[in-house]
Amino acid sequence: MGPIGKLKLGQNPMATATIAAVVILMNFIVIASAADVPKLEIFPSQKVQRKAVGQAMILTCRPNVPSPNLVADLQWKDNMNNTILPKPIVKQMSNMHQIYQPVYDSKGHRIRENTGRNPPMFTEYMTGTESLALIINHLSVEMEGKYYCTASYATNEILETSVTVKTYVGITWTNAPENQNPILGEDYVVRCEVKADPNPTIDWLRDGDQIRTGEKYVVETNGLLIRNVQESDDGIYTCRAAVLETGELVERTIRVEVYSRPAITYLPTTLEATEGKPFSANCTATGKPVPEIFWIKDATQQNVATADRFQVNPLTGVLNINSVTQDDYGTYTCIAKNDAGVVDQKTKLNVLITPSIHFLYNVTGDSQKEIALTCRAKGRPAPEITFSRWGSDDEYAAGVQVDDERITLEQHFDEEKGESSGTLRIARAQRSDDGLYQCKARNTGGTAYATGHITVQFPPDFSHMKDLPPVFSWEERKVNLTCLAMSIPNATIEWRWNGKPLKDLNDKNLQIVGTGPRSDLIVHPVARQYYSVYKCVATNILGTSQIDIQLKEARVPEPVPAAEPKQLTATSITFDIRSPPVEFGMPITAFTVQYKEAINPDWSTAMNRSWSPDSPYIVEGLKPQTMYHFRFAARNQVGLGMWGVNTQQSTPKRSAPEEPKPLHSPVQNDIEEPVVVSPYSDHFELRWSVPADNGEPIDFYQVKYCPGVKMAGTWHELENQCQSVEVADSTSYEMSRLAGNTYYRIELRAHNIIGFSSPASVIMKTTRDNPYPNGVASTDHSISRLTIIAMVAICLFNSRSILNGQLNRLVAVW
């Protein structure tokens, strides 16, 4: 305490108070004076800044003065006492604002060189704070030392402060791959080498638990030793490095995946390929990762994957050869390789020679004499030779044929030369033996094919023309008479008329085109004498044959002998027409009817209708309750015949429509009547054709369907289960919500203003539905609903009223 503090304050209260006030005033003056002292402050405020090498750092120098506008020359000096310059500006505009020019575009592509890269350290004014920042982008050991911030204040006062920068080397991984692959069954060191200054300590974790040295694991300086690696050692390991002096802690995650050396699991010791054919062989191997497989030809030490005609799948080990040659014979090595090792195994490839046919000639012989067809081939082993008729897979067996003792197959083999021959001998050759024959030469390497022809010579034959109809002409139309002789060799043809050669008659109405094996005689029948018989004579070296061809004059058909009404409606009549007798070769091409009302005497105003012979003969569009006259005629190629039967028929009065016809064919037949089976268990679409309306248009159809059963030939309906609907403007109706595996009687009627048609009846059965919607069958024996109904119905058959009541109650239970 100063002199004032040494006074004895307790002796004079007034003096004590005065002295206390003076002390307080003096302390306030000292504090105020200290606040007005100009100085520089560095942030962070620690005098020693400790940073790791390679890190960035920023130091900010801020004047703490009464009048900031009097501060000048604010700058930083480095550890060598050199002034640190500001960051250079790339380009400036006239207004002195810096222009930002990006080095990369929005997609990360370089668009210009970065000529204005940041220097290792630079200064930069902090806007709005009157502070100057020192920025170091990448701290190095050389940058360690004392840095000064200086400035001048009020032109004559120099301000200065400093900070010391200390560096240290952070934890750096030098040999710690993030993915490592030990080999199954071997010892392995999971590498984790690290450097730092000060030196770090290393420990290991797996699944969050610390690993300690033991029988399985040994923590070493360069990594973690795992003894006798197994697949269970796969996993994520953590190498943890710590520097106690700096408090730095860094972890390295290492994925360990255990590999296994490759092993060849399949490769035959001998392979067999066929010359000229594609070939495939397989060499399979196991290992982790999946090994890559190579094939090497030992004689040339060539990787066959690079050779022509060879393809190798390195993943599956399949070797393919497009077309094997004799040079492909030899020893091959299969090599399986992965990151864990290499293994190889050898195999030998033998090449078979496919058969080739070098002799097969067409042969010709006479009928009823022997014909021999010979085929010779080469191959190894010597091929077996057989024959078959062209287009048939049935081959002739060696020796005499069981089904035709005329035919014998002879076979000969020479294994030393790799040659064989086969001869097919046919005794007493027939025309049916003529044709193509296929020679097949076969061994283990494959099959060769060649085709030869056996020609059986025979005299002319007209058997194919014996059943042909006469040739017809009319109204002096020219007609062509064709004669075709079957023979080998081809026959020459001569025409004769009334025993004389036609070529000698010089008749301009008889013209011959062609002399064989086909010849046409063009006849112009200008007189009745030309309607006659002409003889075709065919001749070859084996004989002569002849046939008569008749030219007849064609006429229109005879009158229709009878036409009876078969079905009447109010507006249509269906007739049953009996055809008049026709001549062979001149069929009826159509039937024609003329009809008119009976009160009309003039046939020239009659209506006409024609039908083809195979269609129903229906006259439609008639008036109800009207008498009509009808007459009929037949037509052929010549023309319409005389009008034949003349009949009259009255149409009935307007009435209910005809019975509609359901368009369903029964696919299941009960004992008494056919049944149509629905393809569905719960619905069925009924379709029908439009019936005759009998003079009044059909306005709707009525469909009624009832479930039921049949017992002893009698149908029993469940009447209270019947459904009835009316269908307009349609010829189909879909019945829905049906019971599965159930019989239904369906009645279909057409209606017009007069009434209903007679009903058309159909028995329909739905298919069985699935009684187990979850797909699991019950252990109890299931009985269909229909079976239950039938059993109850049989038991109660003698009482129909009881039957109906029981059936109805059963259905209600459904």
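Just above sits the structure.
Note that the structure is a prediction, hence the values are computed from the model and not measured.

Procedures and definitions
- Residues numbered from 1 in each chain as written.
- Predicted model: local features only at pLDDT ≥ 70, side-chain atom pairs only at ≥ 80, totals over all residues.
- Heavy atoms only, no water.
- Helix = DSSP H or I, 4+ residues; strand = E, 2+ residues; numbered from the N terminus.
- Buried < 20%, exposed > 50% of the residue type's maximum accessible area, 1.4 Å probe, protein only.
- Polar contact = N/O pair within 3.5 Å; in protein donor to acceptor, adjacent residues only side chain to side chain.
- Disulfide = S-S within 2.5 Å.
- Contact = heavy atoms within 4.5 Å.
- Salt bridge = Lys/Arg side-chain N within 4 Å of Asp/Glu carboxyl O.

**What to know about the side chain of threonine 626**
Structurally, the position occupied by threonine 626 is in the loop between strand E49 (617-619) and strand E50 (627-635). On the basis of relative accessible area, threonine 626 is assigned to the buried category, the value being 13%. Within the local environment of threonine 626, its side chain forms a polar contact with the backbone oxygen of lysine 623, the two atoms lying 3.4 Å apart.

**Quick look at the state of the cysteines**
As enumerated under the stated definition, the model contains six disulfides in all. In this model, cysteine 192 is linked to cysteine 239 through a disulfide, with the two sulfur atoms separated by 1.9 Å. Taking the sign of the S-S torsion, about -80° here, the bridge from cysteine 192 to cysteine 239 comes out left-handed. Here the residue cysteine 192 occupies a position in the loop between strand E10 (188-191) and strand E11 (193-197), and cysteine 239 occupies one in strand E16 (residues 235-243), the gap between them amounting to 47 residues. Residue cysteine 192 is classed as buried on the basis of its relative accessible area, which comes to 2%. What makes cysteine 239 buried here is its relative accessible area of 0%. Note on cysteine connectivity: cysteine 283 is disulfide-linked to cysteine 334, with sulfurs 1.9 Å apart. The sign of the S-S torsion, about -90°, decides the handedness of the disulfide formed by cysteine 283 and cysteine 334: left-handed. With cysteine 283 in the loop between strand E20 (279-282) and strand E21 (284-288) and cysteine 334 in strand E26 (residues 330-338), this residue pair connects regions lying 51 residues apart in the sequence.

**Here's the deal with the environment of aspartate 576**
Note that aspartate 576 resides in strand E46 (residues 573-578). Excluding residues that lie within four positions of it along the chain, aspartate 576 makes contacts with Ala562, Ala563, Glu564 and Lys566.

**Focus on the pattern of salt bridges**
Per the stated rule, a full pass over the model turns up 28 salt bridges. Its salt-bridge partner being lysine 39, residue glutamate 41 comes within 4.0 Å of it at the nearest N-O pair. Exposure remark for lysine 39: the relative accessible area of 42% places this residue in the partly exposed category. Across the pair glutamate 696 and arginine 654 runs a salt bridge, and its minimum N-O distance is 3.4 Å. Here arginine 654 lies in the loop between strand E51 (646-650) and strand E52 (661-662) and glutamate 696 lies in the loop between strand E55 (684-689) and strand E56 (700-711), a separation of 42 residues in the sequence. Taking relative accessible area as the criterion, glutamate 696 reaches 22% and is therefore assigned partly exposed. Under the relative-accessibility criterion, arginine 654 is labelled partly exposed at 41%.

**As for unusual backbone geometry**
Following lysine 288, the chain continues to proline 289 via a peptide bond in cis, the omega torsion being 0°. Looking at where proline 289 falls in the secondary structure, it is placed in the loop between E21 and strand E22 (292-297). Here glycine 516 and proline 517 are connected by a cis peptide whose omega angle stands at -5°. In this fold, proline 517 is placed in the loop between strand E41 (510-513) and strand E42 (518-523). Positive phi outside glycine occurs at glutamine 301, with the angle close to 55°. Assignment of secondary structure puts glutamine 301 in the loop between E22 and strand E23 (302-303). For glutamine 625, which is not a glycine, the phi torsion comes out positive at approximately 50°.

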